[in-house]
Amino acid sequence: MRTLCASTLIGEFMVIGFAGLVAMQLSDFSATTVWIVSGTAMLCCLLLCGMIGRRGGIELGWVLQGALILSGFVIPTMFFLGASFAGLWWASIHFGRQIDEAKARFAAQEQ
């Protein structure tokens with residue numbers, strides 16, 4: 001599960017960076033404000049990559065997904081991209097757990 005979730009977060013990291021470039025041109029916010037918000041969200045993505053296996057890591061990931069969707073109020077395309085990444089986040093958790101369970105079963109059978 002960690003690998004799939006971390007891959008989703010790295011993808012989000014890049015999308016947030018590109019969205020920051022777009023927001024700098026299309027929004028009424030200053031470049032400083034855009035990069036403080038974007039940079040903080042990008043940093044959260046990286047930190048969450050290391051927190052996935054820890055308590056609360058998945059829940060914080062959901063909070064990040066919600067924030068990404070809400071960023072659509074600044075850049076309307078982010079409603080779609082945020083929802084897409086929320087779907088990927090769900091799939092990463094769901095299928096990652098199934099893969100982890102299958103690995104555990106195979107390891108138990110080998111012993």
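Placed above this text is the structure.
So, a few notes on the structure that sits alongside this text. (Residues numbered from 1 in each chain as written. Predicted model: local features only at pLDDT ≥ 70, side-chain atom pairs only at ≥ 80, totals over all residues. Heavy atoms only, no water.)

Looking at the overall build of the protein
Note the threshold: The helix count covers DSSP runs of H or I at least four residues long, the strand count covers runs of E at least two residues long, and both are numbered beginning at the N terminus. In this description, contact between two residues means that some pair of their heavy atoms is separated by no more than 4.5 Å. The method behind every accessible area is Shrake-Rupley, applied with a 1.4 Å probe, and residues are considered shielded solely by the protein chains displayed. In this count, Lys and Arg are taken as positive residues and Asp and Glu as negative ones, while His and the chain termini are left out. All charge positions are set by atom: Lys at NZ, Arg at CZ, Asp at CG, Glu at CD.
Along its length, the protein carries four helices and zero strands. Going residue by residue from the N terminus, the α and β elements of the protein occur as α-α-α-α. Taken along the three principal axes of its C-alpha coordinates, the protein extends 60 × 20 × 20 Å. A fraction of 65% describes how many contacts in the protein between residues 6 or more apart in sequence connect residues 24 or more apart. When the accessible area of the protein is evaluated, it comes to approximately 7,000 Å², of which 69% is carbon and sulfur surface. Taking the average place of the 6 positive charges on the side chains of the protein and the average place of its 6 negative ones, the gap between the two points comes to 9 Å.

So, the side chain of T8
Following the sequence through the fold, T8 ends up in helix α1 (residues 2-26). Once residues within four sequence positions are removed from consideration, T8 is found in contact with F85, L88, W89 and S92.

A few points about the state of the cysteines
Note the cut-off: Throughout, a disulfide means two cysteine sulfur atoms within 2.5 Å of one another. Categorising residues by exposure relies on relative accessible area from a 1.4 Å probe, with only protein chains included: less than 20% of the type maximum marks a residue as buried, more than 50% marks it as exposed, and the intermediate range marks it as partly exposed.
The full count for this structure, using the stated rule, is zero disulfides. Of all cysteine sulfurs in the structure, the one in C49 sits closest to C5, which takes part in no disulfide; the separation is 9.3 Å. Looking at the unpaired C44, the closest cysteine sulfur is the one in C45, lying at 7.2 Å. On the basis of relative accessible area, C44 is assigned to the partly exposed category, the value being 34%.

Here's the deal with the nonpolar core
The criterion, for reference: Side-chain atoms within 4.5 Å are what join buried Ala, Val, Leu, Ile, Met, Phe, Trp, Tyr and Cys residues into a set we call a nonpolar core.
Counting residues in each nonpolar core, the largest one holds 23 residues, and the members touching the most others are C5, L9 and I58. For this core, the secondary structure elements donating two or more residues are α1, α2 (31-51), α3 (57-70) and α4 (77-110). If we skip the residues at most four places from it in the chain, L9 touches C45, L48, C49, I52, L64, Q65 and W89.

What to know about the packing of aromatic side chains
Test applied: Aromatic rings from Phe, Tyr and Trp, with only the six-membered ring used for Trp, were paired whenever their centres fell within 6.5 Å, and each pair was classed as stacked if the ring planes differed by under 30 degrees, edge-to-face if by over 60, and tilted otherwise.
Inspection of the entire model under this criterion finds two aromatic pairs. Between W90 and F95, the ring centres sit 6.2 Å apart and the planes meet at 75°, which makes this aromatic pair edge-to-face. Judged by relative accessible area, W90 falls into the partly exposed class, the value being 45%.

Observations regarding the packing of α3 against α4
As a reminder of what qualifies: For helices, the axis comes from a line fit to the C-alpha atoms of the stretch in contact; other axes are also lines fit to C-alpha atoms, and the angle between any two N-to-C directions lies between 0 and 180 degrees. Geometric relationships in this document are graded by angle, where less than 35 degrees denotes roughly parallel, more than 145 denotes roughly antiparallel, 65 to 115 denotes roughly perpendicular, and other angles denote oblique. We call a crossing left-handed when the near helix sits turned anticlockwise from the far one by less than a right angle, and right-handed when that turn is clockwise.
In contact at an axis separation of 7 Å, α3 and α4 are set at 160° when each is read in the N-to-C sense. On the basis of the axis angle, α3 is roughly antiparallel to α4. Relative to α4, α3 is oriented so that their crossing is left-handed. Across the interface between the two elements, I58, G61, W62, Q65, L68 and I69 from α3 touch M78, F79, G82, A83, F85, A86, W89, W90 and I93 from α4.

Describing α4
Put simply, the test is: Expected helix span is taken as 1.5 Å per residue step, with the number of steps being one fewer than the number of residues.
The first and last C-alpha atoms of α4 sit 49 Å apart over 34 residues, in line with the 50 Å expected at 1.5 Å per residue. In this structure, the buried side of α4 is in contact with α1 and α3.

Side note on the environment of S84
Along the chain, S84 turns up in helix α4. A relative accessible area of 31% means that S84 is categorised as partly exposed. Spatially, the C-alpha atoms of S84 and L43 are 20 Å apart, while their sequence positions differ by 41 residues.

Note that every value here comes from positions in space, so none of it alone points to a role or purpose.
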